[in-house]
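# Analysis of the macromolecular model
Single-letter residue listing:
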Amino acid sequence: MTFQIFKLRVLAIALCMMATVSINAQETAQMQALIGQSLSKVNPSKPETMLNSIAELKRIDAMFPDSIQPKYQMALQSLNFSVMNPHAEHTENLLTDTEQTINKMELMKGADLSDVCTLRGFLYMVRIVQDPAQNGQRYYMDVMQNYEKALRINPDNQFAKQLQQKFVEGMKQAGK
């Protein structure tokens, strides 16, 4: 009798765990679908589409506050907008929000620190683009150190490699 009760409890626990995993998988799929829909609307030649996507990503992040992916995409889209529109009306607020988001991501369990460092390097790179004369010397080392750290953590981080290469090329051109 005791053995049958034990088996029933084990079975009940197993079913609960399977249900939890299934629900998490469904939420992750829903979140990925929402992110994909938002990013599919972005047209880099139309800044308002980027701002709309960032607003949608903020809503997705509010729906899934423990997930890293909406935060990452929100930060990335904000930085892409800011580097292409360094003096736009919304840029400064986006950069402030992005810095806070990067700080949150860094503290989250499961965050890819290589991606966090890449985003932080990109943030400093945007600061240089905003005002090269003022911010070039100020943030140059921060950019380089963050990209180098990202690549030490994950040598296969293609995005960090690309940004580092663009930054070095941009600095060479600025020095001519």
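First, a word on what this report is: a plain description of the structure on this page. (Residues numbered from 1 in each chain as written. Predicted model: local features only at pLDDT ≥ 70, side-chain atom pairs only at ≥ 80, totals over all residues. Heavy atoms only, no water.)

Turning our attention to helix α7 (residues 158-174). With 17 residues, α7 extends 24 Å from end C-alpha to end C-alpha; this agrees with the ideal 24 Å at 1.5 Å per step. For α7, the set of buried residues is A160, L163, Q164 and F167. The arc that holds every buried residue of α7, seen down its axis, measures 100°, which confines them to one face. Seen from the open side of α7, the exposed residues pointing more than 90 degrees away from its buried face are K166, K172 and Q173. Taken together, the buried residues of α7 touch α5 (113-130) and α6 (132-153). The N-terminus of α7 is capped by N157, whose side-chain oxygen sits 3.2 Å from the backbone nitrogen of F159. (Helix = DSSP H or I, 4+ residues; strand = E, 2+ residues; numbered from the N terminus. Expected span 1.5 Å × (residues − 1). Buried < 20%, exposed > 50% of the residue type's maximum accessible area, 1.4 Å probe, protein only. Arc of directions from axis to C-beta. Contact = heavy atoms within 4.5 Å. Polar contact = N/O pair within 3.5 Å; in protein donor to acceptor, adjacent residues only side chain to side chain.)

Once that is clear, we can look at the side chain of T91. When you line up the elements, T91 lands in helix α4 (residues 91-107). Of note is the side chain of T91, whose polar atom sits 2.6 Å from the backbone oxygen of N85.

All right, on to the nonpolar core then. Counting 23 residues, the largest nonpolar core has L79, L119, F122, M125, V143, Y147 and F167 as the members making the most contacts within it. Non-local contacts of L79, meaning those with residues more than four positions away in its chain, are made with L95, T98, L119, F122, L123 and V126. Core analysis: the second largest hydrophobic core is formed by 10 residues, M50, I54, L57 and F81 among them. (Core = buried A, V, L, I, M, F, W, Y, C linked by side-chain atoms within 4.5 Å.)

Let us look at the packing of aromatic side chains. With the rule as written, the count across this model stands at three aromatic pairs. With a centroid separation of 5.3 Å and 20° between ring planes, the pair formed by Y124 and Y139 is classed as stacked. With Y124 in helix α5 and Y139 in helix α6, this pair connects stretches of sequence that are 15 residues apart. Just as Y124 is buried, Y139 falls in that class too. (Phe/Tyr/Trp six-rings, centres within 6.5 Å; stacked < 30°, edge-to-face > 60°.)

Attention now moves to the side chain of K71. Mapping K71 onto the fold places it in helix α3 (residues 69-84). Apart from the residues within four sequence positions on either side, K71 is in contact with D61, F64, P65, T101, M105 and M108.

As a further point, take the pattern of salt bridges. Enumeration according to the criterion identifies five salt bridges in this entry. For D97, the salt bridge is made with K58, and the minimal N-O distance between the two is 3.1 Å. One end of the pair, D97, is in helix α4; the other, K58, is in helix α2 (residues 47-63), with 39 residues separating them in the sequence. Between K71 and D61 there is a salt bridge, and its shortest N-O distance comes to 2.6 Å. Within this pair, whereas K71 is found in helix α3, its partner D61 is found in helix α2, the two being separated by 10 residues in sequence. Taken individually, K71 and D61 each receive the classification buried, so the pair is uniform in this respect. (Salt bridge = Lys/Arg side-chain N within 4 Å of Asp/Glu carboxyl O.)

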